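So you can see what is in the structure, the chains are spelled out below.
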Amino acid sequence: MFYRLAVLPIEIPPLRERTSDIPLLIDDHLKQQGIRKSWSPEVMELLFAHDWRGNIRELKNVVDYAITVSEHPVIGISDLPKRLTERIFQKQASATTVPLEDERNLDILLGLYQYYLTNKPVGRYQLANTPILRANGWTETALRKRLKQLEQLGLVRSGTTRQGTSITRDGIEMLKRYGKI
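Here goes a summary of the coordinates provided. Keep in mind that this is a model prediction, so the values were computed, not measured.

Quick notes on unusual backbone geometry
At W52, a residue that is not glycine, the phi angle is positive and equals roughly 50 degrees. Relative to the helices and strands, W52 resides in the loop between helix 3 (41-49) and helix 4 (55-69). With relative accessibility at 0%, the residue W52 sits in the buried group. The residue N55 is not glycine, and still its phi comes out positive at about 55 degrees.

Some words on the pattern of salt bridges
Within the structure shown, the criterion is met by four salt bridges. A salt bridge links D21 to R18, with the shortest nitrogen-to-oxygen separation between them at 2.9 Å. A relative accessible area of 22% means that D21 is categorised as partly exposed. A relative accessible area of 18% means that R18 is categorised as buried.

Considerations on helix 3
Think of an α-helix as 3.6 residues a turn; residues three or four steps apart then line up on the same face. Three or more residues of helix 3 are buried, namely V43, M44, L46 and L47. All buried residues of helix 3 lie within an arc of 160 degrees about the axis, which places them on one face of the element. Residues of helix 3 that are exposed and angled more than 90 degrees away from the buried face: P41 and E45.

Focus: the packing of aromatic side chains
Each pair of aromatic rings is reported with the distance of its centres and the angle of its planes. Taken as a whole and judged by the stated rule, the model has one aromatic pair. Seen from their ring centres, Y113 and Y116 are 5.9 Å apart, and the 25 degrees between their planes marks the pair as stacked. Of the two residues, Y113 and Y116 both sit in helix 6 (residues 103-117), three residues apart, roughly one turn of that helix.

Digging into the environment of Y115
One can find Y115 in helix 6. Separated by 38 residues in the primary sequence, Y115 and I77 have C-alpha atoms spaced 36 Å apart. When residues no more than four places from it in sequence are discounted, the contact partners of Y115 are K120, V122, Q126 and T130.

About the thresholds
- Residues numbered from 1 in each chain as written.
- Predicted model: local features only at pLDDT ≥ 70, side-chain atom pairs only at ≥ 80, totals over all residues.
- Heavy atoms only, no water.
- Helix = DSSP H or I, 4+ residues; strand = E, 2+ residues; numbered from the N terminus.
- Buried < 20%, exposed > 50% of the residue type's maximum accessible area, 1.4 Å probe, protein only.
- Salt bridge = Lys/Arg side-chain N within 4 Å of Asp/Glu carboxyl O.
- Arc of directions from axis to C-beta.
- Phe/Tyr/Trp six-rings, centres within 6.5 Å; stacked < 30°, edge-to-face > 60°.
- Contact = heavy atoms within 4.5 Å.

Scope: geometric values only; no functional claims are made or implied.
Next up, the structure:
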């Protein structure tokens, strides 16, 4: 059955990798509902900074919430859901004060970046056995603890069960800032 349905597979990148589509998606969603509202530049900046784990469905929920709550023709930050604004402000605050304890954190990010380039999430076992991490003596257990810390800083994203771990856009920016890529 799968091979009958998979004649022409189409891979669409997640919304976090194509944030330039956000204004188009918002406009289309509002047109479908016949609503005319505009968005302040500050709100658009926050929407671009969000990681959109729920993809377009999450974006539509945020738009629906904002247009329901807003009493003005221009959507402001106060019209966005608190869970969204708190997460973004917390992420921005931690990104400015990211303590990279040692070069080993950058090695983890670099190992994840190599898998990112191939568009594959990676498990801890696989990551611990990459040449760069094996050379530095990483074990799977030690890596688990460090990945949790890096996830709290918003530099990596750990999936559930077999989804693996992947580097975030902030993690890539960190590598660029330290001249690793």
